[in-house]
Amino acid sequence: MPAQQLKQDGDFLALTLANPDGLSPAHFSLDNGTQVEIWDTGVIYFEPAQCGQQDIVLSCGVHGNETAPIEICAALVRDLLLGKLQLSERLLVLFGNPAAINNGTREIEENLNRLFSGHHSKGAGLINAERRRAQALENYVSRFYQQAGAGRERALYDLHTAIRGSRFEKFAVCPFLHGKPWKKAQFQLLAACEVSTVLLMQTPASTFSYYASNSHGADAFTVELGKVRPFGENDMRRFAKAEQTLRALVSGTLPPFSEFRQADFQLYEVYRSINKQTQDFKLHFADDVENFTSYPLGSLLATDGDLEYRVEREGEAIIFPNAKVAIGQRAMLMVVPKDISGQLI
Ligand code: ZN
């Protein structure tokens, strides 16, 4: 009986990884009155006896080899199940891709974080486990927000670690808001997690955070907490602030934020996305270049058959370069600094 086991060891991650293809729903209560529901493998819902105004989704393991966020969420779930962490908000914790976590790889067949907002059903349709999982995760998030109804504060923090190092170790991606203002309180929350670099997207995307933002009006971010390492090799001290802040968030014990100052943040917007068009696509910088690296105007960045890509704007910086993507997919994103004063609430 998973409920008995979970109340004893709190190890929902182990239960998930032992059953990567599915878990029967289960429901039980903790001694402090918190209701716990297992909705599926990697999907666990908590409802405290007294609910605050927020509906919070924490997700990790959308990319299976991004271990630090998985360890952070597994420990948070464990402490909730063992009654060591008091919950004040409704909370859904998601371990995105259990099969890929078991496999120690980013994905099994397809990048799960390119399949949301219905992309799972486009083209060939629900042909693989990742596409079916994306659809299932959308349904769980919908159920979670809709159960509590409208008029509450919705948030989703999708926690990742980047494949490469970064000039700014931690950064967040804010999905396209379709003209809605950015929220100071969300930037302050990120800053409390030691995330002061934010990439502001200006187009719809197939990511989990865009899905939560656009479909459910959630304050949603993809949060990159550092560099990918295998399980057990993460220096968890580097994630301590993020971990503390997320725990304080779900337990209603966040200290008041200091005053918002845009100067405390590095804000970027996308200038252009460079897609791979031929098999000859080649990056003209070192393989291990850090995210947010910039080069002088005119520097050659990449070639693709007869095409040349050079630095066109002062301060233009590279993120997520990857020459190995499939033809037609994004091989790198070029970003430029952005001023959003006047567009904040
Ligand atoms: Zn990732």
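In short, a report on the structure. (Residues numbered from 1 in each chain as written. Predicted model: local features only at pLDDT ≥ 70, side-chain atom pairs only at ≥ 80, totals over all residues. Heavy atoms only, no water.)

1. Thoughts on the overall build of the protein chain
Argument step 1. For the protein chain, the helix and strand inventory stands at 8 helices and 16 strands.
Argument step 2. Principal-axis analysis of the C-alpha atoms places the extent of the protein chain at approximately 65 × 45 × 35 Å.
Argument step 3. Buried residues in the protein chain amount to 53% of all 345 residues.
Argument step 4. A separation threshold of at least 6 residues defines the contact pool for the protein chain, and within that pool the share at least 24 residues apart is 73%. (Helix = DSSP H or I, 4+ residues; strand = E, 2+ residues; numbered from the N terminus. Buried < 20%, exposed > 50% of the residue type's maximum accessible area, 1.4 Å probe, protein only. Contact = heavy atoms within 4.5 Å.)

2. What to know about the packing of helix α3 (residues 67-81) against helix α8 (residues 240-251)
Argument step 1. Close contact between α3 and α8 brings their axes to 11 Å; oriented N to C, the two are set at 40 degrees. The element α3 and its partner α8 pack so that their crossing is right-handed. Facing α3, whose interface residues are I72, A75, L76 and D79, α8 presents E243, L246 and R247.
Argument step 2. Looking at the contact of α3 with α8, its residues break down into 4 nonpolar, no polar and 3 charged. (Axes fitted to C-alpha atoms, helices over the stretch in contact; angles between N-to-C directions. Left-handed = near helix turned anticlockwise from the far one by under 90°. Nonpolar A, V, L, I, M, F, W, Y, C, P; charged D, E, K, R; others polar.)

3. Thoughts on the nonpolar core
Argument step 1. By size, the foremost hydrophobic cluster in this structure holds 58 residues, and its most contacted members are F12, F46, L81, L91, F95 and F187.
Argument step 2. Considering every element that reaches this core, the biggest residue donor is α3, with 9 residues.
Argument step 3. Residues contacting L81, with those up to four places away along its chain left out, are L6, K7, G10, F12, F28, L30, V36, I44 and F46.
Argument step 4. If you look at the next biggest cluster of nonpolar residues, it comprises 23 residues, including V62, L92, L115 and Y211. (Core = buried A, V, L, I, M, F, W, Y, C linked by side-chain atoms within 4.5 Å.)

4. Here we look at the pattern of salt bridges
Argument step 1. This structure, assessed with the given rule, holds 17 salt bridges.
Argument step 2. R247 is the salt-bridge partner of D79, the closest N and O atoms lying 2.8 Å from each other. One end of the pair, D79, is in helix α3; the other, R247, is in helix α8, with 168 residues separating them in the sequence.
Argument step 3. Classification of R247 by relative accessible area gives buried; the value is 18%.
Argument step 4. Where salt bridges share partners, they join R78, D79, E243 and R247 into one cluster. (Salt bridge = Lys/Arg side-chain N within 4 Å of Asp/Glu carboxyl O.)

5. Describing unusual backbone geometry
Argument step 1. The phi dihedral of S117 falls on the positive side, at around 55 degrees, and the residue is not glycine.
Argument step 2. Residue placement: S117 occurs in the loop between α4 (98-103) and α5 (129-148).
Argument step 3. Residue S117 is classed as partly exposed on the basis of its relative accessible area, which comes to 28%.

6. Considerations on helix α6 (residues 184-192)
Argument step 1. Residues of α6 that are buried include every one of Q186, F187, Q188, L189 and L190, and no others.
Argument step 2. Those residues of α6 hidden inside the fold are in contact with β6 (153-162), β7 (171-174), β8 (197-200), β9 (219-227), α8 and β10 (266-275).
Argument step 3. At the exit of α6 stands E194, carrying a positive phi of roughly 65 degrees.

7. Quick look at the packing of α5 against helix α7 (residues 208-216)
Argument step 1. Running from amino to carboxyl end, α5 crosses α7 at an angle of 40 degrees, the nearest separation of the two axes being 11 Å. Classified by the angle their axes make, α5 and α7 are oblique. For the pair α5 and α7, the sense of crossing is right-handed. Facing L137, E138, V141, S142, Y145 and Q146 of α5, the residues of α7 in contact are F208, Y211 and H216.
Argument step 2. Looking at the contact of α5 with α7 residue by residue, the classes come out as 5 nonpolar, 3 polar and 1 charged. (Parallel < 35°, antiparallel > 145°, perpendicular 65-115°, else oblique.)

8. Brief notes about α7
Argument step 1. Within α7, 7 of the 9 residues are buried, leaving the element largely enclosed by the surrounding structure.
Argument step 2. For α7, every residue scored as buried is listed here: F208, S209, Y210, Y211, A212, S213 and H216.
Argument step 3. The secondary structure elements touched by the buried residues of α7 are β4 (54-60), β5 (90-95), α5, β6, β7 and β9.
Argument step 4. Looking one or two residues past α7, G217 carries a phi angle of roughly 65 degrees, positive in sign.

None of this, on its own, says anything about what the molecule does.
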